[in-house]
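Chains, contacts and geometry: an overview
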Amino acid sequence: VENLVDFVQRGNDYREIAGEGFTFLNIPRSYYGVLSEKDLMETGISMECADSIMLACFENGVAALDGAVDLSLSPEDIATILEASIPADHLGAFQANQGGILDTVLKSRYKNLHSLLKEHVSVQTYMGIVKNQILVDVQGEDLLYQIFTSNILQRNVGEEAPFFEFIQRVCSECSDENGCPLKVRPGCGGFG
Amino acid sequence: LNPGNIRRFLQVHSNRQGFSVLGFATNSVDVIYQKYKQLHPKLIHDFSDHQNKMNKVLEVYAYYAEGGNDGHEKEADTGTILRFIECQEPESARSFCLLPGLTKIDATFDGTSQPAYCDHWVSNVISRTGFLSTLEDTLGFTPKVDFNAGVVAAGEAQIESTVTGNDTAPTLADKTDVLRDQSQVYLPINNALSDVG
């Protein structure tokens, strides 16, 4: 497909509206990234302060116990929640490092992907990938976005049955010596 | 339509539903037929020359059943068919559907639909090397070692996988053309090494 994030988002929206349509395999949030105390400490705060932020996240619904940060919260939401719930003895450190901490909390939602794709992908696309549980495979300079449907044509639970795989190939946009884009090679990004 | 086709498919697949046919448009049905006749005659299911509709259809069974000593002594696994269709009339001028039993109608889509094009077709088989060998004998398909090959993990499953295909990989400049183009066939072929596969 041309844009897998849009394609899957449409499928998920239609299923929610109509109650029918493809369902897709669940991918654990740890595949994309979760928040950890270690990440927070890299912003320059102490372990105790990082602990208090993690606890505030768990207790106020910012993150699940596995560190998966809520995908629906905005930076402002998270800032407000943390500001109101971090103990007074760590509030100063939080406020002094707020920008880095919020960035770490938000980026934790896709940090594993970011380590592969860096700034080549927009935040909006990263979030679309995580929300729609899309897998990303890297082969050289090419990418393969992929998602698998649940079984189709399955008469009885537990029986083997076919499924569909939808992919988007993101081929490297290399240029020749004259700066002209090279032609696209079929199959770039591999087969997952 | 022959209901015997459905009965045969269900019988071989333990009454489970699935896909029974993988079809290809080609301009060389006669050549493919001769290859199967010469090297894998037991796999031939049907060869029809529909002169009235200006098309030829060759159907072959994709794989051999388990057992037997070599290709000529094995019996066909009748559960999956490869269909090769050749038509003299260009698609734009065609008033009929190439696929047997179907009537051609103009497709319509709502404004939010998004197109998806077939890219590759995965087979999970008992004998990966046997299927690869048959496809090389008859279609000249060869493994694409540049792509994923060897033992790979897929969730709980561990599989061996080889991607085979034709050798005429086009290079195209336009992304939309690349998406639509199906002149390059890729067939990832897997066999399970674990109970789940």
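This structure is a prediction, so every number in the text was calculated from the model and none was measured.

Residues and elements named next belong to chain A. In the contact formed by helix α5 (residues 75-85) and helix α7 (residues 98-107), the axes pass within 10 Å of each other and the chain directions differ by 120°. Judged by the twist between their axes, the crossing of α5 over α7 is right-handed. Between α5 and α7, the contacting residues are Pro75, Ile78, Ala79 and Glu83 on the first element and Gln98, Leu102, Val105 and Leu106 on the second. Taken together, the residues of the contact of α5 with α7 sort by class into six nonpolar, one polar and one charged.

On to the interface of chain A and chain B, then. Listed as interface residues are 29 residues of chain A and, on the opposing side, 27 residues of chain B. Carbon and sulfur atoms make up 56% of the area that chain A and chain B hide from each other, which totals about 2,600 Å². Taken together, the connections running from chain A to chain B amount to three salt bridges. The interface formed by chain A and chain B contains seven residue pairs in polar contact (both at pLDDT 80 or more). Of the residues that constitute the side of chain A that touches chain B, the class distribution is 12 nonpolar, six polar and 11 charged.

This part takes up the pattern of salt bridges. Applying the stated criterion across every chain yields a total of 11 salt bridges over all chains. The salt bridge involving Asp110 of chain B is made with Arg10 of chain A; its shortest N-O contact spans 3.4 Å. With Asp110 of chain B in the loop between β4 (76-87) and β5 (123-124) and Arg10 of chain A in helix α1 (residues 4-18), this pair bridges two chains. Asp110 of chain B sits in the partly exposed class, given a relative accessible area of 39%. By relative accessible area, which is 21% here, Arg10 of chain A ends up partly exposed. Notably, a salt bridge pairs Arg169 of chain A with Asp119 of chain B, separated by 2.6 Å at the nearest N-O pair.

Rules behind the numbers
Chains are numbered independently. Their residues run from 1 in the order of the written sequence. Chain labels run from A onward and ligand labels from 1 onward, assigned in the order the entries are written. Where totals are concerned, whole chains, interfaces and linings use all residues; where local detail is concerned, this predicted model gives features only for residues with pLDDT of at least 70, and gives and counts side-chain atom pairs only at 80 or more. Excluded from the side-chain calculations are hydrogens and water; all other atoms, namely the structure's heavy atoms, are used. Lines fitted to the C-alpha atoms define the axes, with helices restricted to the stretch that makes contact. Angles between their N-to-C directions range from 0 to 180 degrees. Secondary structure counts use DSSP, requiring at least four H or I residues in a row for a helix and at least two E residues in a row for a strand, with both numbered from the N terminus. In this scheme, a crossing is called left-handed if the near helix is turned counterclockwise away from the far one by less than a right angle; it is called right-handed if the turn is clockwise. Here a residue-residue contact requires only that any non-hydrogen atoms of the pair lie within 4.5 Å. As a working rule, the residues Ala, Val, Leu, Ile, Met, Phe, Trp, Tyr, Cys and Pro are called nonpolar, Asp, Glu, Lys and Arg charged, and the rest polar, with Gly in that last group. Buried area is calculated as the accessible area (1.4 Å probe) missing from two parts once they are joined, with the contributions of both summed. Salt bridges, as used here, are contacts in which a Lys or Arg side-chain nitrogen is within 4 Å of a carboxyl oxygen on Asp or Glu. Within 3.5 Å is the distance limit for a polar contact, defined as a pair of N or O atoms, with the added protein rule that one can donate a hydrogen and the other accept it, and that residues adjacent in sequence qualify only through two side-chain atoms. To sort residues, take the accessible area from a 1.4 Å probe on protein chains only and compare it with the maximum for the residue type: under 20% means buried, over 50% means exposed, and anything in between is partly exposed.

Structural measurements only, silent on function.
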